[in-house]
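Given next are the chains, with one letter for each unit.
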Amino acid sequence: MSEPKRLFFALELPADIQTQVVQWRAQHFPPDAGRPIAAANLHLTLAFLGEISAEKQRALEELAGRIRQPDFTLTLDDAGQWLRSRVVWLGSRQPPRGLLQLADMLRAQASRSGCYQSPQPFHPHITLLRDASHAVTIPPPGFRWSFPVTTFALYESQFIQGRTRYTQLHRWTLKK
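The structure presented is a predicted model; accordingly, all values stated were derived computationally and were not measured. (Residues numbered from 1 in each chain as written. Predicted model: local features only at pLDDT ≥ 70, side-chain atom pairs only at ≥ 80, totals over all residues. Heavy atoms only, no water.)

Novice: Tell me about the sheet that holds strand β2 (residues 35–36), and please be specific about residues and values.
Specialist: Spatial ordering of the open sheet is given by β2-β7-β6-β5, a layout of 4 strands whose pairing is antiparallel. Edge positions in the sheet fall to β2 and β5 (78–82), since each has one partner strand and no second. (Pairing = 2+ DSSP bridges. Helix = DSSP H or I, 4+ residues; strand = E, 2+ residues; numbered from the N terminus.)

Novice: Quick rundown of helix α3 (residues 97–112)? Include the residues and the values.
Specialist: Across its 16 residues, α3 extends 22 Å between first and last C-alpha, which sits within 8% of the 22 Å expected from 1.5 Å per residue. On its buried face, α3 is in contact with β1 (5–12), β3 (43–52), α2 (54–65), β4 (72–76) and β9 (151–160). Among the residues trailing α3, Gly-114 stands out with phi positive, at a value near 95 degrees. (Expected span 1.5 Å × (residues − 1). Contact = heavy atoms within 4.5 Å.)

Novice: Can you lay out the pattern of salt bridges for me, pointing to particular residues and giving the numbers?
Specialist: As enumerated under the stated definition, the model contains 6 salt bridges in all. Across the pair Asp-131 and Arg-35 runs a salt bridge whose closest N-O atoms are separated by 3.1 Å. Taken together, the positions of Asp-131 in the loop between β7 (125–130) and β8 (145–149) and Arg-35 in strand β2 put the pair 96 residues apart, joining distant regions of the chain. Given a relative accessible area of 38%, Asp-131 falls into the partly exposed group. Of the charged contacts, one joins Glu-62 and Arg-66 as a salt bridge, the two residues approaching to 2.5 Å between their closest N and O atoms. Note on Arg-66: relative accessible area 52%, which makes it exposed. Sharing partners across several salt bridges, the network here consists of Arg-35, Arg-86 and Asp-131. (Salt bridge = Lys/Arg side-chain N within 4 Å of Asp/Glu carboxyl O. Buried < 20%, exposed > 50% of the residue type's maximum accessible area, 1.4 Å probe, protein only.)

Novice: Account for the sheet that holds β1, naming residues and giving values.
Specialist: Across the sheet, which stays open at both edges, the 4 strands sit in the order β3-β1-β9-β10 with antiparallel pairing between neighbours. Edge positions in the open sheet fall to β3 and β10 (163–173), since each of these has one partner strand only. Across the sheet, the mean angle from the axis of one strand to that of its neighbour is 25 degrees, orientation sign disregarded. Strands β1, β3 and β9 of the sheet are contacted by α3, whose axis makes an angle of about 0 degrees with β3. (Axes fitted to C-alpha atoms, helices over the stretch in contact; angles between N-to-C directions.)

Take a look at the structure:
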C-alpha cells in the first residue's frame, strides 16, 4: 500500500510571468521582508486536498476530468499581506467568474470526497513571501500581469532536503 500524498489543485503561472513576478518582488520587497517562494513554486491554489490515499486521488482525478469549464483570462493586479498567517500575496482585484466557478467546483468535489475545506471564503492568490514577521509596504497599484488560463492541474507537495517542492501529477484542459 502506498503512502498518502499531500495534494492540491492549482493554476500554473506561465514561465515568463513567473520571471516577471520574481523580478518585481525583488525590486519592491527588501530581503528581510520574508522568505521568498521559488519561481517554480509560484501557483494559485484552487483547492487544497491534504494528505490523501492513492484511491482517493484517483477518484478526485476522475471527478476533475468531468469538469466542463471554459477558459478565462486571469489578471494579477492586487497585492496584500495577511499578518496572522505571515504571508505576502499577489492576486486579482476582480477575479474572473471562471476562476471562482472552477475553484468552487473543485472545492465542492474535494469536500464531498472527505477532504477538509476551509470555511473561509476563497481568496485567489499567489503566495510571494512566507514568514513575513512584520508589516511590509505593499507596492502601489500599477503593476499588472494578464494571461489566459486554459488548464488546471493536480500537484503534490513534498518537503525534500529542507525545501518544499511541487510536482505536477496531472493536468486538465478547460473546455465547455
